[in-house]
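# Understanding the architecture of this molecule
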Amino acid sequence: MFDNIYGHGLARVAVCVPRLKVAEPEANATETLRLARRAHDEQAVLALFPELGISAYTNEDLFFQDALEGAVRAELSRILAASRELRPVLIVGAPFALEGRLFNCAFVIHRGTLLGIVPKSYLPNYREFYEKRHFALGISQVERSVIFAGRDVPFGTDLLFTASDVQDFVVHVEICEDVWTPTPPSSYGAMAGATILANLSASNIVIGKAQARRDLCGSQSMRCIAAYLYSAAGPGESTTDLAWDGHVAVFENGELLSEAERFADEPQMITADIDLDRLRQERMRVGSFGDCADHHRSAHAFRSVCFALDPPLDVKVPLRRVVDRYPFLPSDPALLDANCYEAFNIQVQGLMTRLAAIGVKKVVLGISGGLDSTHALIVAARAFDRLGYARKDILCYTLPGLATSKLTKTSAHALMRAFGVSAQEIDIAPIVRQTLQEIGHPNAQGHPVYDVTFENVQAGARTALLFRLANFHNGIVMGTGDLSELALGWCTYGVGDQMSHYNVNGSVPKTLIQHLIRWVADREEFGADVTATLRQVLATEISPELVPSEGEKPGQRTEDFIGPYSLQDFNLYYITRYGLRPSKVAYLSWNAWRDVKSGGWPTGLKDEDKRAYDLATIRKWLRLFLFRFFAVSQFKRSAMPNGPKVGSGGSLSPRGDWRAPSDAHADTWIAELEKNVPETA
């Protein structure tokens, strides 16, 4: 079923904070089961509970009472029996006595089976903590199994819980203090293959501690390239000397996916949909993760406890994860502003460094009045200002051809005037007509033939002129083509817009180019006149302007040929950054784009630019992306000019993020798309 997270490499987890009663195992088990049933109803496959949640954490010397120990065992048996009717793996906390010692443990339960018992590795015994008074260190134990409810059960800190029927669903469990140590047990669990790291915690609250937990758990999830689930004790724990905020959160590779209200009066449960594919892909790419795992493998061996998870595959399980429509443009205004600042300054610094290194103080730039050349001009102006170079040495040329519109030509001249750069117009029409005549093209005899040759003669004429102008003026040609065009092969190879001496836009996608210009305009970085002109450029439809028009506007709309850049940049990000299957990319895109009213939009985007796309449209343009990206355009990327990498979405430079054969085929990707993505949802 297409609308089911479990068919797309995701898994839903729940993190719970019951309302507890100190030293009342029956009430606590009842509350635990109530939340476990809720997690089952929410189609989750894992439910995490707090540390010592069956007994409560704040029992002090009551832990040594036989009555309490017996009640805890009885209630664990009740939970074990009740779990037969529940789908999620339940991870609950309880004390456990073994050979005259007491351990603070996590009980991992699934479908009536106790999969294993994990003792707490490290015990805090400082400031307000006195755990060594009651519990023994789990890290020191040599017992590998114990008897519980008449069955032999794996016991130890070396357990991984592995689903046999869900790829990459591998759980490691640690308890509270474990993650606060210099080398948390979960680090070794992750290196051994765990993708979901679960922490049962009590963790009393003091001022500032909640942020410390976020920093700690978020960084652990990033360092381990894993999901990190955290559950802290909440209402009902004793407040004799401490207080409890019931902090629960889920992180994935450094990103906070879900977090509950703290200090809630009622029991809490949050869910999050973990992207297991994404974690696996990221680990494969980060070679140092595997190298570190190899280094520690002999010292930290793990036992794998295998079980069948049996996720719900035959019903709809809609995605509850936020998927940004614009992966290169976060919807959070503050983060978007910070990203634009960094992107812009990376480009500026790159150009400054290149000019200083080669001792050149002039750049040659073709100005079309479109987005890419406009942004390149913005970068050049700021770089020259910071270097102390005169803007008159930014040599700008507008090069109208057989299809240049009055609108973009006017914008080009307005831009050059507003920035105070050297401006000149060279009409390429005579060169183009002569070339068409020399090669015997039908258009030269008056036939309205506007094929790829007709288009590329114009693109080639412009680039050839720019290079000769750079020779003549002792400057370099600044490239303007962006990451989206390179991905789709939407550029003329060699003697065309694919080539330059240095390209500041080469790893910046079209959607980010648009917003960078808007960002510069909104901040009035170059004054009111420039801002007004930039807004005019932003309002112009994207066009290569290589086919004549009958009016004042461009005769071509790029997006009619290659699809909406908003969709293609989405495809670009998930195909190249994470290597996801096309069907999963389509699934994520469908969730991001199907409803214009759901989710956030980047700030500054006009209402008329906020669109929705159905699955058929998404499928159509993704298929075209796969063909153009994998089958017909790699040779253009293999010969990319230099330019700085800007975003984590990557660069397609063969010297950077992307190396691929130029004679590959797209059949594998297209077949996967057509097999697994329906025409309509």
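I will try to describe carefully the structure that is included in this document. What you see is a predicted model, and the numbers here were worked out from it, not measured in a lab. (Residues numbered from 1 in each chain as written. Predicted model: local features only at pLDDT ≥ 70, side-chain atom pairs only at ≥ 80, totals over all residues. Heavy atoms only, no water.)

The next thing to look at is the pattern of salt bridges. Within this structure, the stated rule accounts for 35 salt bridges. Residue Lys584 pairs with Asp275 through a salt bridge whose shortest N-O separation is 2.4 Å. Remark: Asp275 occurs in strand 14 (residues 268–275) and Lys584 occurs in helix 17 (residues 582–593); sequence separation between them is 309 residues. The residues Lys584 and Asp275 share a single accessibility class, namely buried. Close ionic contact of Arg280 with Asp277 constitutes a salt bridge, the shortest N to O distance being 3.0 Å. Of the two residues, Arg280 and Asp277 are both situated in helix 5 (residues 276–285); the distance of three residues between them amounts to about one turn of the helix. Here the salt bridges share partners, and the residues they tie into one network are Asp168, Asp275, Asp277, Arg280, Arg581 and Lys584. (Salt bridge = Lys/Arg side-chain N within 4 Å of Asp/Glu carboxyl O. Helix = DSSP H or I, 4+ residues; strand = E, 2+ residues; numbered from the N terminus. Buried < 20%, exposed > 50% of the residue type's maximum accessible area, 1.4 Å probe, protein only.)

Moving on to helix 16 (residues 565–578). The end-to-end C-alpha distance of helix 16, which contains 14 residues, comes to 19 Å, matching closely the 20 Å that a straight helix rising 1.5 Å per residue would cover. Counting buried positions along helix 16 yields 14 of 14 residues, so the element is predominantly enclosed. Gly579 sits one or two positions beyond helix 16 and adopts a positive phi of about 65°. (Expected span 1.5 Å × (residues − 1).)

Burial in helix 20 (residues 667–676) covers these residues: Ile670, Glu672 and Leu673. One side of helix 20 holds all its buried residues, which, seen down the axis, span an arc of 160°. With respect to the buried face of helix 20, the exposed residues turned more than 90 degrees away are Asp667, Thr668 and Lys675. Where the residues of helix 20 are buried, they touch helix 17 and helix 18 (615–632). (Arc of directions from axis to C-beta. Contact = heavy atoms within 4.5 Å.)

Next up on the list: the pairing of strand 10 (residues 196–200). When you tally the buried positions in strand 10, you get five out of five residues, the bulk of the element. Residues Ile196, Ala198 and Leu200 line one face of strand 10 and the alternating positions Leu197 and Asn199 line the opposite face, and both faces are buried. By the bridge criterion, five bridges tie strand 9 (residues 170–175) to strand 10 in an arrangement that is parallel. From the neighbouring strand, Val173 faces strand 10, where its bridge partner is Ala198. In this fold, strand 9 hands off to helix 3 (residues 185–191), which returns the chain to strand 10; that crossover is right-handed. Relative to strand 11 (residues 227–231), strand 10 is paired through five bridges, and the arrangement is parallel. Along strand 11, the bridge assignment pairs Leu200 with Ser231. Note that the unit made of strand 10, helix 4 (residues 209–223) and strand 11 has a crossover that is right-handed. (Pairing = 2+ DSSP bridges. Right-handed = clockwise from strand over helix to strand, strands pointing away.)

In this section: the pairing of strand 4 (residues 101–110). The buried fraction of strand 4 is high, at nine of 10 residues. Where strand 3 (residues 89–98) and strand 4 come together, nine bridges link them in antiparallel fashion. Each bridged residue has a counterpart across the sheet, and for Ala94 the counterpart in strand 4 is Cys105. Remark: two residues form the turn of the hairpin made by strand 3 and strand 4, two consecutive strands paired antiparallel; Glu99 in that turn has positive phi of roughly 50°. Pairing between strand 4 and strand 5 (residues 113–119): six bridges, direction antiparallel. Each residue of the ladder has a partner; that of Ala106, found in strand 5, is Val118.

Moving on to the packing of helix 16 against helix 18. For the pair helix 16 and helix 18, the least separation of the axes is 10 Å and the interaxial angle reads 55°. Overall, the two elements helix 16 and helix 18 adopt an arrangement that is oblique. Read as a crossing pair, helix 16 and helix 18 show a hand that is right-handed. Along the contact surface, helix 16 presents Leu567, Gln568, Asn571, Leu572, Ile575 and Thr576, while helix 18 presents Thr617, Ile618, Trp621, Leu622, Leu624, Phe625, Leu626, Phe629 and Phe630. (Axes fitted to C-alpha atoms, helices over the stretch in contact; angles between N-to-C directions. Parallel < 35°, antiparallel > 145°, perpendicular 65-115°, else oblique. Left-handed = near helix turned anticlockwise from the far one by under 90°.)

Turning our eyes to something else, we now look at the side chain of Arg382. The topology assignment puts Arg382 in helix 8 (residues 371–387). Owing to a relative accessible area of 17%, Arg382 belongs among the buried residues under this scheme. Discounting chain neighbours no more than four positions away, the residues touching Arg382 are Phe344, Val348, Glu525 and Phe526.

Moving on to the sheet that holds strand 4. Pairing is mixed in the open sheet, where six strands are placed in the order 5-4-3-2-1-14. If you trace the sheet from one side to the other, it starts and ends with strand 5 and strand 14, each paired once. Taking each pair of neighbouring strands and ignoring which way they run, the sheet shows an average axis angle of 30°. Strands strand 3, strand 4 and strand 5 of the sheet are contacted by helix 2 (residues 66–82), whose axis makes an angle of about 150° with strand 3.

As summarised here, the arrangement of the seven strands in space is 13-12-11-10-9-8-15, forming an open sheet in which the pairing is mixed. For this open sheet the edge positions go to strand 13 (255–259) and strand 15 (303–307), each flanked by a neighbour on one side alone. The sheet shows a mean angle of 25° between the axes of neighbouring strands, direction not considered.

The geometry of helix 8 relative to helix 14 (residues 528–538) is characterised by a closest axis approach of 10 Å and an angle of 155° between their N-to-C directions. Taken as axis vectors, helix 8 and helix 14 run roughly antiparallel relative to one another. Crossing of helix 8 over helix 14 shows left-handed handedness. Across the interface between the two elements, Leu371, Thr374 and Ile378 from helix 8 touch Leu534, Val537 and Leu538 from helix 14.

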